[in-house]
Amino acid sequence: MENNKQMRAWLDDLGLDHPLVIAGPCSAETEEQVLGIANSLKDTDVNYYRAGIWKPRTRPGNFEGVGALGLKWLQKVKSETGMKTATEVANRAHVELALEHDIDLLWIGARSTVSPFIVQEIADALEGTDKVVLIKNPVNPDLSLWLGAVERLHTANIKKLGVIHRGFSTYEKTKYRNIPEWQLAIDLQTRFPDLPIINDPSHITGKRDMIFDVSQTALDLNFDGLMIETHSDPDNAWSDAAQQVTPDTLIQIMRDLHVRKESSPEAEFNRKLSNLRAQIDVIDNQLIDTLGKRMKISDSIGVLKRKRNVAVLQSNRWNQILGAMILEGESKGLSEEFILKMFKAIHQESINHQEKIINA
Ligand code: PEP
Ligand code: MN
């Protein structure tokens, strides 16, 4: 797939002075709920009104969406409020129904992007459409799988394309519902700078309190827009209750976000600087996370040593680590002096942890 400006014409043509906003409930529940939320959002910066009609659920037995009936409600939203509409499609039948009901933007969900069969089926059903199609990242952090899906749609002659970054699942529990792995989204942007990229802080965080911070990081990283789940009564939502915000909160979030839209050379400098700083922040957080994991392993070694009454300091092992890391560091442009200092500090922290365990 070649990089071309045409991919983002649908977005540029909107001529927005703020990031693109897609908002609305996780799921369409009732006609009243869908229209009620739409009415609270119609005079705001929201550009597309979303509502899930067919809901992919990890486990069976949860609310699986109202089905095609909800498409009529979305049509009503469009005729009553003038807002453009958006929903998720996961197979050929969904695509046909969504097109019949004139839905303006269709997205492919994270659980579909993992399957080239499903993506191809959707691409075939959409062939040549002039609707906007956005592809969520696959649930696993695999850039080629994500790009593969974009390519399938591009090849199906779909001109209005974009991607949604909604984070990646992990076996390990983290503070996120789906970890952002920002580096992966940055790599995608670097390879396809003209492909619009929207952040979905709702599915990344899983918690409404964290939505603002993730949205700000996304804007600092030059994302083109946000998809934020919005519900009039979030706590009683039929799906994803913990992560939805009220329309008022959404408006407040949009007001508080720092959007860099000025276009002086000074603004360009500031935009670049804040983008680079956001990248550094992402990596610093990963460093702390990795060091925390290293210390946990070190603690387990401490427990083993205590059982066998083995000394904490094993100098042979330590010298081996240092030698290997100095070489590794050199290959990454890091000085021997820096590697020595850093590993001495890590080693010291490790010894402190183990001593505490052995003497407990
Ligand atoms: C959604 O947007 O409601 C949804 C199901 O998202 P995802 O595919 O990211 O899980
Ligand atoms: Mn959801």
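Computed from a predicted model, the values in this text were never measured in an experiment.

1. Let's talk about the overall build of the chain
Then, number 1: A count of helical and extended segments in the chain gives 14 helices and eight strands.
Then, number 2: A principal-axis box enclosing the C-alpha atoms of the chain has dimensions of 75 × 50 × 40 Å.
Then, number 3: Out of the 360 residues belonging to the chain, those deemed buried represent 47%.
Then, number 4: Across the chain, the fraction of contacts at a sequence separation of at least 24, relative to all contacts at a separation of at least 6, is 73%.

2. Some thoughts on the site of ligand 1
Then, number 1: The local shell around ligand 1 consists of C26, R50, K55, E88, W107, G109, A110, R111, K136, R166, H203 and E229.
Then, number 2: Residue R50 places a side-chain N or O atom 2.8 Å away from an oxygen atom belonging to ligand 1.
Then, number 3: Within the complex, the protein chains bury 97% of what would otherwise be the 300 Å² of accessible surface of ligand 1.
Then, number 4: Taken together, the residues of the shell around ligand 1 break down into three nonpolar, two polar and seven charged.

3. Remarks on the coordination of the manganese ion (ligand 2)
Then, number 1: Taken together, the protein donors to the manganese ion (ligand 2) comprise C26 (SG), H203 (NE2), E229 (OE) and D240 (OD), at separations of 2.1 to 2.4 Å.
Then, number 2: Binding-site remark: the manganese ion (ligand 2) is held by donors from one chain whose sequence spacing is C-x176-H-x25-E-x10-D. Highlighted residues: C26 in the loop between β1 (20-24) and α2 (31-41) and H203 in helix α9 (residues 201-205), separated in sequence by 177 residues. Just as C26 is buried, H203 falls in that class too.

4. Brief notes about the pattern of salt bridges
Then, number 1: The tally for this structure, following the rule as stated, stands at 17 salt bridges.
Then, number 2: The partner of K341 in a salt bridge is E337, and the shortest N-O contact between them spans 3.7 Å. With K341 and E337 both in helix α14 (residues 336-358), this residue pair falls four residues apart, about one helical turn.
Then, number 3: We classify K341 as exposed; its relative accessible area is 58%.
Then, number 4: Assessed through its relative accessible area of 55%, E337 is described here as exposed.

5. Observations concerning a nonpolar patch on the surface
Then, number 1: A cluster of nonpolar side chains, namely L334, F338 and M342, defines an oily patch on the protein surface of about 240 Å² accessible area.
Then, number 2: With respect to the helices, strands and loops of the structure, L334 is situated in the loop between α13 (315-331) and α14.

6. Considerations on the domain arrangement of the chain
Then, number 1: Partitioning the chain into domains gives domain 1 (5-256) and domain 2 (268-358).
Then, number 2: For domain 1 versus domain 2, the separation of C-alpha centres amounts to 38 Å.
Then, number 3: With both sides pooled, the region where domain 1 packs onto domain 2 buries about 700 Å², and carbon together with sulfur makes up 53% of that total.
Then, number 4: Run the count over domain 1 and domain 2 and you get zero salt bridges.

7. Quick look at the pairing of β1
Then, number 1: Taken across its five residues, β1 has five buried, putting it largely inside the fold.
Then, number 2: Alternating positions in β1 separate into two faces, L20, I22 and G24 on one and V21 and A23 on the other, with burial throughout.
Then, number 3: The pairing of β1 with strand β8 (residues 225-229) spans five bridges and is parallel. Looking across to β8, one finds that G24 is bridged to E229.
Then, number 4: With two bridges joining them, β1 and strand β2 (residues 48-50) adopt parallel strand pairing. Bridging across to β2, I22 finds its partner in Y48.
Then, number 5: What joins β1 to β2 is α2, and the crossover it makes is right-handed.

8. A short note on the sheet that holds β1
Then, number 1: In space, the eight strands of this closed barrel follow the order β1-β2-β3-β4-β5-β6-β7-β8, with parallel pairing throughout. When the angles between neighbouring strand axes are averaged without regard to direction, this sheet yields 25 degrees.
Then, number 2: In terms of strand pairing, strand β7 (residues 197-199) meets β8 through two bridges, oriented parallel. Residue N199 lies in a different strand from β8, and its bridge partner there is L226.
Then, number 3: On top of the sheet, helix α8 (residues 182-191) reaches β6 (161-165) and β7; it is set at about 160 degrees to β7, its chief contact.

Conventions and cut-offs
Residues numbered from 1 in each chain as written. Chains lettered and ligands numbered in written order. Predicted model: local features only at pLDDT ≥ 70, side-chain atom pairs only at ≥ 80, totals over all residues. Heavy atoms only, no water. Helix = DSSP H or I, 4+ residues; strand = E, 2+ residues; numbered from the N terminus. Buried < 20%, exposed > 50% of the residue type's maximum accessible area, 1.4 Å probe, protein only. Contact = heavy atoms within 4.5 Å. Near = heavy atom within 4 Å. Polar contact = N/O pair within 3.5 Å; in protein donor to acceptor, adjacent residues only side chain to side chain. Areas by Shrake-Rupley, 256 points an atom, 1.4 Å probe, with all protein chains shown as cover. Nonpolar A, V, L, I, M, F, W, Y, C, P; charged D, E, K, R; others polar. Donors = N, O, S within 2.8 Å, 3.2 Å for Na, K, Ca; no water. Salt bridge = Lys/Arg side-chain N within 4 Å of Asp/Glu carboxyl O. Patch = residues over 30% accessible without salt bridge, like charges linked within 9 Å, V, L, I, M, F, W, Y side chains within 5 Å. Domains from an automatic or database assignment. Buried area = accessible area lost by both parts, 1.4 Å probe. Pairing = 2+ DSSP bridges. Right-handed = clockwise from strand over helix to strand, strands pointing away. Axes fitted to C-alpha atoms, helices over the stretch in contact; angles between N-to-C directions.

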